[in-house]
Amino acid sequence: MTIKRYTSALLYWLGNHFFMNWTPYLLRHWFLREFCNVKLGHNSSICMGCFITGRKLEIGNNSVINRYSYLDGRVSLKIGHNVNISHYALIQTLTHDPQNIDFNCQEKPVVIHDYVWIGARAIICPGVTIGEGAVVAAGAVVTKDVAPFTIVGGNPATFIKNRTKGLRYQTRYFPLFDTDIQ
C-alpha cells in the first residue's frame with residue numbers, strides 16, 4: 001500500500017470515528033471540507049454519527065443529512081439544495097456485477113435534486129436519480145430513477161402519489177449535541 005492510500009484511509013477514519021461523533025458542526029464541517037474534499041453548501045448540516053466515504057460528494061445549500069446516514073462519495077454523489085435526508089438513510093454509488101466471474105465493481109453516480117425528502121432508513125441504490133421535489137418514504141429501497149414531484153415507497157420503491165409543486169421552503173437544521181433540540 002502506498003503512503004497516499006494510508007493517509008486517505010486515516011483521514012476518513014478520523015472523520016468518521018472522531019469528527020463525526022465528538023465535534024460541533026463548525027469543526028466537523030471544516031474537517032470534511034478541508035481534508036475529505038466534501039463540497040458542503042451554505043447553511044447545510046451533516047449531523048453526528050453519519051458515515052462519509054469518498055472524495056466526490058457535493059451537497060447544496062440548506063440541506064440536512066440526519067444522524068447515522070451513510071453517504072458513499074467514492075463515485076459522484078450530488079445532493080441539491082433544500083434536501084432532507086432522514087436518519088439512517090443509506091446512499092450507495094458502488095455495486096458489483098453478480099454475473100461477472102471476477103465480481104467486478106461497477107461505479108454508478110447518484111443525483112438527488114432540490115427539495116427532495118428521503119425518509120428514515122431508506123436505501124438509494126447506485127445509479128439512481130431522484131427528481132426535484134420527490135419524496136422517498138421511510139424504509140423504501142430505490143432501485144430506479146424517481147420522477148420529479150412524486151412520492152414513492154416500498155421494496156422496491158413504487159409510485160404512491162404526486163407531491164405538491166411550487167415548493168419554497170428552506171431546510172435549516174442544526175440540533176444541539178446529539179439531540180433533536182434546536
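As a reminder, the structure under discussion sits directly above these lines.
One structure accompanies this document, and this report is about it. (Residues numbered from 1 in each chain as written. Predicted model: local features only at pLDDT ≥ 70, side-chain atom pairs only at ≥ 80, totals over all residues. Heavy atoms only, no water.)

This part covers the overall build of the protein. Looking only at helices and strands, the protein features 2 helices and 19 strands. Taken over C-alpha atoms, the radius of gyration comes to 16 Å for the protein, in line with the 16 Å a tight globule of 182 residues would show. For the protein, the spread of C-alpha atoms along the three principal axes comes to 50 × 50 × 20 Å. Taking all 182 residues of the protein together, 44% fall into the buried category. Counting contacts in the protein only where the partners sit at least 6 residues apart, residues at least 24 apart contribute 27% of the total. Just so you have it, the protein exposes about 10,000 Å², and 58% of that area is on carbon and sulfur atoms. With 18 positive and 11 negative side-chain charges, the protein shows a spacing of 4 Å between the two charge centroids. (Helix = DSSP H or I, 4+ residues; strand = E, 2+ residues; numbered from the N terminus. Rg over C-alpha atoms; globule rule 2.2 N^0.38 Å. Buried < 20%, exposed > 50% of the residue type's maximum accessible area, 1.4 Å probe, protein only. Contact = heavy atoms within 4.5 Å. Areas by Shrake-Rupley, 256 points an atom, 1.4 Å probe, with all protein chains shown as cover. Lys, Arg positive; Asp, Glu negative; His and termini not counted. Charge placed at Lys NZ, Arg CZ, Asp CG, Glu CD.)

Attention now moves to the sheet that holds strand S2 (residues 45-46). Strand order in this open sheet of 7 strands is S2-S5-S8-S13-S16-S18-S19, and the pairing throughout is mixed. Both edges of this open sheet fall to S2 and strand S19 (158-162), since each of them pairs with a single strand only. Of the pairings in the sheet, the one linking strand S16 (residues 135-136) to strand S18 (residues 150-153) comprises 2 bridges and is parallel in character. Looking at the pairing, valine 136 lines up with valine 152 of S18. (Pairing = 2+ DSSP bridges.)

Before going further, it helps to examine the packing of aromatic side chains. For the structure on display, the rule yields 8 aromatic pairs. Pairing phenylalanine 18 with phenylalanine 19 gives two aromatic rings, centres 5.0 Å apart and planes at 85 degrees, and the pair type is edge-to-face. The class for phenylalanine 18 is partly exposed, based on a relative accessible area of 38%. Note on phenylalanine 19: relative accessible area 11%, which makes it buried. By way of ring pairs, the aromatic residues Phe18, Phe19, Trp30, Phe31 and Phe35 are connected into one cluster. (Phe/Tyr/Trp six-rings, centres within 6.5 Å; stacked < 30°, edge-to-face > 60°.)

A contiguous nonpolar patch, built from Leu27, Trp30 and Phe35 and spanning about 270 Å² of accessible area, is present on the exposed surface. Within the secondary structure layout, phenylalanine 35 lies in helix H2 (residues 25-36). (Patch = residues over 30% accessible without salt bridge, like charges linked within 9 Å, V, L, I, M, F, W, Y side chains within 5 Å. Salt bridge = Lys/Arg side-chain N within 4 Å of Asp/Glu carboxyl O.)

This part is about the pattern of salt bridges. For the structure shown, the criterion picks out 2 salt bridges. Arginine 67 is the partner of aspartate 180 in a salt bridge, and the nearest nitrogen-oxygen pair spans 3.1 Å. Placement of the pair is aspartate 180 in the segment after S19 and arginine 67 in the loop between strand S5 (64-65) and strand S6 (70-72), with a sequence separation of 113 residues. A salt bridge links arginine 74 to aspartate 72, with the nearest nitrogen and oxygen atoms 2.8 Å apart.

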